Amino acid sequence: MILRSRMPRTILAGVAMLSGLAGIAVSAGAATKHTAINIAYMSFDVANSYDAPMLAAAQATAASDGAKLTVFDGGASPSTQYTQLQDAIESGKYQGIITQPVVNTNLIPLVRKALAKKIKVVNIDQILGTSYKTGKIQVNGLSGNVVFVPSQIGTQLGEQVVAACASKNLNPCQVGYMYSIKGSTIDTAIYAGFSSAIASHSSVQVVAEGQSYYTISGGLTAAQTMLQSNPSLNVIAAADQGIEGSVEALSSAKLSGSVLLAGYGGSAAAIAGVKSGAWFSDVAQAPETEGQLGVAELVKVIRTGVKSAAQNPVAALPDHGVITAADAHSFTAQWPG
């Protein structure tokens, strides 16, 4: 899961400003500044350490702007989330819905149904649509889209693996690639971007694969298996939880520092790891920013009728969100890891 940072307090100030502006020019049929707003928040998985700060930021933004947020925990289950969204729409209780899809396409029919009922919908964090190569709105009528682009994360991760191999003049450079959930649509898209980035570098060879299941314990087990089958492994690439597990595996095997680590997520663990030199690099994500911007946009469109263009939550980050030893001091984590 993903990013998925650096401007949370200023964004909250922006949210307050939007609240103030919302009462100035209210379009026909839009809620007034003081009208109560009920929002259904369709979470990917409340228990995930990446999702927690996203939800907390969404709740804080809703509270500061006079909206009530009702959380539906998808538990990383597409079928559960589908049923929850269906129930939220049919209840007639909500003027707005935030979607954070478990699967990129299965909610689309329900989102269209919500839009037909004049319920405003803003999508955050995960792609809602058929393409993982764009952050643009893919469902007509959507009021906002605040997401990271999986293929871009994969490309940046691949570029960092190439850089890690080059930093040690490794040829061949043996890489262990760790999926979060192999076969999931998002992991497939990230791996496609990764594969494209390393394709022209014949010395970079993926010799082992594993899965972390978005957990440190899963990353530990996967890394141990990789190291047992490939003791000469040079690099491990994974989401932050997977890299954290890999750090434990390397320490237990007395191999700390012998394998380069390239991750994605932008967690506190990742930034600290890059600063210390324990990690080679990381690709940042911004869950807190996504939660803030998503709810702010939804409240704005409900109150004013004015939709927003898609927003990239990491657009303003240094070096396009790539965290290296040279710029790690410029990043602030939005989730622990």
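Residues numbered from 1 in each chain as written. Predicted model: local features only at pLDDT ≥ 70, side-chain atom pairs only at ≥ 80, totals over all residues. Heavy atoms only, no water.

Notes on the sheet that holds strand 6 (residues 173-179)
- Taken together, six strands build an open sheet; the order of strands is 7-6-8-9-10-11 and the sheet is mixed. Lying at the two open borders of the sheet, with one neighbouring strand each, are strand 7 (204-211) and strand 11 (322-323).
- Sheet topology places strand 8 (residues 235-239) next to strand 9 (residues 260-265); five bridges connect them, and they run parallel. Within strand 9, the position partnered with Ala239 by the bridge is Tyr264.
- Strands strand 6, strand 8, strand 9 and strand 10 (281-284) of the sheet are contacted by helix 8 (residues 240-252), whose axis makes an angle of about 140 degrees with strand 8. (Pairing = 2+ DSSP bridges. Helix = DSSP H or I, 4+ residues; strand = E, 2+ residues; numbered from the N terminus. Contact = heavy atoms within 4.5 Å. Axes fitted to C-alpha atoms, helices over the stretch in contact; angles between N-to-C directions.)

Thoughts on the packing of helix 7 (residues 216-229) against helix 8
- Look at helix 7 against helix 8: their axes get within 7 Å of each other, and the N-to-C directions meet at 55 degrees. Taken together, the axes of helix 7 and helix 8 are oblique relative to one another. Handedness of the helix 7/helix 8 crossing: right-handed. For the pair helix 7 and helix 8, contact is made by Ile216, Gly219, Leu220, Ala223, Gln224 and Leu227 and by Gln241, Gly242, Glu244, Gly245, Ser246, Glu248, Ala249 and Leu250, respectively.
- Among the residues forming the contact of helix 7 with helix 8, the class breakdown is six nonpolar, six polar and two charged. (Parallel < 35°, antiparallel > 145°, perpendicular 65-115°, else oblique. Left-handed = near helix turned anticlockwise from the far one by under 90°. Nonpolar A, V, L, I, M, F, W, Y, C, P; charged D, E, K, R; others polar.)

A closer look at the packing of aromatic side chains
- This model, assessed by the stated rule, comprises seven aromatic pairs.
- A ring pair is formed by Tyr177 and Tyr191, whose centres lie 4.7 Å apart and whose planes are at 70 degrees; its orientation type is edge-to-face. Remark: Tyr191 occurs in helix 6 (residues 185-198) and Tyr177 occurs in strand 6; sequence separation between them is 14 residues.
- You can call Tyr177 buried: its relative accessible area is 1%.
- According to the relative accessible area criterion, Tyr191 is partly exposed, its value standing at 21%.
- Each ring, one from Tyr177 and one from Phe194, has its centre 4.7 Å from the other, and the planes form 50 degrees; the classification is tilted. (Phe/Tyr/Trp six-rings, centres within 6.5 Å; stacked < 30°, edge-to-face > 60°. Buried < 20%, exposed > 50% of the residue type's maximum accessible area, 1.4 Å probe, protein only.)

Just distances and angles here, no functional claims.
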